[in-house]
Amino acid sequence: MPDALLLLSFGGPEGPEDVIPFLENVTRGRGVPAERLAEVAQHYLHFGGVSPINALNQQIIAALEADLAAAGLDLPVYFGNRNWHPMVEDTVARMTADGVRSALVFPTSAWGGYSGCRQYDEDITRARAAVGEDAPELVKLRQYFDHPLLIESFADAITAAVQQIPADRRAGVRLVFTAHSIPISADIAAGPPADGGRLYSRQVAEAARLCAAATGFADYDVVWQSRSGPPQVPWLEPDIVDHLDVLHGKGIDAVVVCPVGFVSDHLEVIWDLDNEASTRAAELGMAFARAGTPGADPRFSRMIVELIAERVSGGPVRELGEVPGYGCTVDGALCAPGCCELPARPVRR
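Residues numbered from 1 in each chain as written. Predicted model: local features only at pLDDT ≥ 70, side-chain atom pairs only at ≥ 80, totals over all residues. Heavy atoms only, no water.

S.K.: Summarise the environment of Tyr44; cite the residues concerned and give the values.
M.R.: Looking at the secondary structure, you find Tyr44 in helix α2 (residues 34–45). Separated by 116 residues in sequence, Tyr44 and Ala160 place their C-alpha atoms 28 Å apart. Contacts of Tyr44, omitting those with residues within four sequence positions, involve Pro13, Val19, Phe22, Leu23, Gly49, Val50, Ser51 and Leu267. (Helix = DSSP H or I, 4+ residues; strand = E, 2+ residues; numbered from the N terminus. Contact = heavy atoms within 4.5 Å.)

Dropping the structure here:
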């Protein structure tokens, strides 16, 4: 039986003075120019320099602690981030000081791929190295993109969003799923080589299929958002705002957007969808509604408890999809040799 659970997330600024240092952490080693950081900083400063992500994760932790207690699981919950305080290195040091010898790790990403999975392995490796030989064993829980409770939560959110569309337009509403875009080269490399690559986009497509089926939509679209790379590097497309223009050209006058790639209303959701996409829809005269994310749904913390029980006591593996999932590794080990290796970045001269 593990001694604790670590909720491992991305992190976000909690005031205007944090924004640029946070973005520098996010982009370290990538050669992103200062002017691009300043541009992205405006998205955060639009909301007072505070990302909602830390507060949302604290809400998940509070619900999770109650569900763990109800399930009779005596697991204290720790919180650590990759890019902002509480940093995962500091959290693992505190866990060590508290006498934790073994802990499960729940990443706030449901997906495979480098950013969705392997980078969390790197976080675990880095944190344990910073602490040294006394660091606890850290076992990352598996990917959960097709867990029934996650799909149920998204499905109910889609149904609620449809009700926000004017009644006279609901019959023709178009369902559009979005997830965070990544470079196409990273998607090709996603997953164990023997699995054929493109694990991330395949998992997103599978989650979208499951959600659409659960809500009775036979036809839908999967698009992308939050691209941040240079224009000469191909990323997954189309972008959600561009896609709204395409739908408008086809005579679609009502859209429900489900951010299936996000577990909570992170800044990317409220900026790219609630701000940019909704504004463009209004300019086009389209009715627009955005489905909620599952992090605040009671089923989300129950799902985490199920994942814990699955690992600790050999409980049933509950998954709905046909696309494989991986991710359950020890002390930052990879899912498989060569899994999610990024192509070498060109040297900047």
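S.K.: I'd like a rundown of the side chain of Arg299, residues and numbers included.
M.R.: Looking at the secondary structure, you find Arg299 in helix α11 (residues 298–313). For Arg299, a relative accessible area of 16% puts it in the buried group. Setting aside its immediate chain neighbours within four residues, Arg299 contacts Leu149, Glu152, Ser153 and Asp156. (Buried < 20%, exposed > 50% of the residue type's maximum accessible area, 1.4 Å probe, protein only.)

S.K.: How would you sum up the pairing of strand β5 (residues 174–180)? Please name residues and give values.
M.R.: Within β5, six of the seven residues are buried, which leaves it mostly tucked inside the rest of the structure. Of the strand pairs in this sheet, β5 and strand β6 (residues 221–225) are connected by five bridges, and their pairing is parallel. Each residue of the ladder has a partner; that of Thr178, found in β6, is Val223. (Pairing = 2+ DSSP bridges.)

S.K.: Explain the sheet that holds β6 residue by residue, including any values.
M.R.: Taking strand neighbours across the sheet as the criterion, the four strands line up as β6-β5-β7-β8 in an open arrangement whose pairing is parallel. Unpaired on one side and paired on the other, β6 and β8 (287–290) mark the two borders of the sheet. Direction aside, the axes of adjacent strands within the sheet are offset by 30 degrees on average. Packing against the sheet, helix α6 (residues 148–162) makes contact with β5, β7 (254–258) and β8, and its axis sits at approximately 155 degrees to β7. The sheet contacts of helix α9 (residues 240–249) involve β5, β6 and β7, and relative to β6 the element is tilted by about 140 degrees. (Axes fitted to C-alpha atoms, helices over the stretch in contact; angles between N-to-C directions.)

S.K.: Run through the pattern of salt bridges, naming residues and quoting values.
M.R.: Inspection of the entire model under this criterion finds 21 salt bridges. As a salt-bridge pair, Arg202 and Asp195 come within 3.4 Å of each other at their nearest N and O atoms. Arg202 sits in the partly exposed class, given a relative accessible area of 27%. Sharing partners across several salt bridges, the network here consists of Arg82, Glu89, Asp123 and Arg126. (Salt bridge = Lys/Arg side-chain N within 4 Å of Asp/Glu carboxyl O.)

S.K.: Can you break down the sheet that holds strand β2 (residues 77–81) residue by residue, with the values?
M.R.: Strand order in the open sheet formed by five strands is β2-β1-β3-β4-β9, and the pairing between neighbours is mixed. In the strand order of this sheet, the two ends are held by β2 and β9 (329–330), each with one partner. Two elements, strand β3 (residues 102–107) and strand β4 (residues 137–140), share four bridges in a ladder whose sense is parallel. Note on β4: the bridge partner recorded for Val105 is Lys140. Running over the sheet, helix α3 (residues 53–70) touches β1 (4–9) and β2 and is turned about 160 degrees from β2. The strands that α11 touches are β1, β3, β4 and β9; relative to β3, the one it contacts most, it runs at about 140 degrees.

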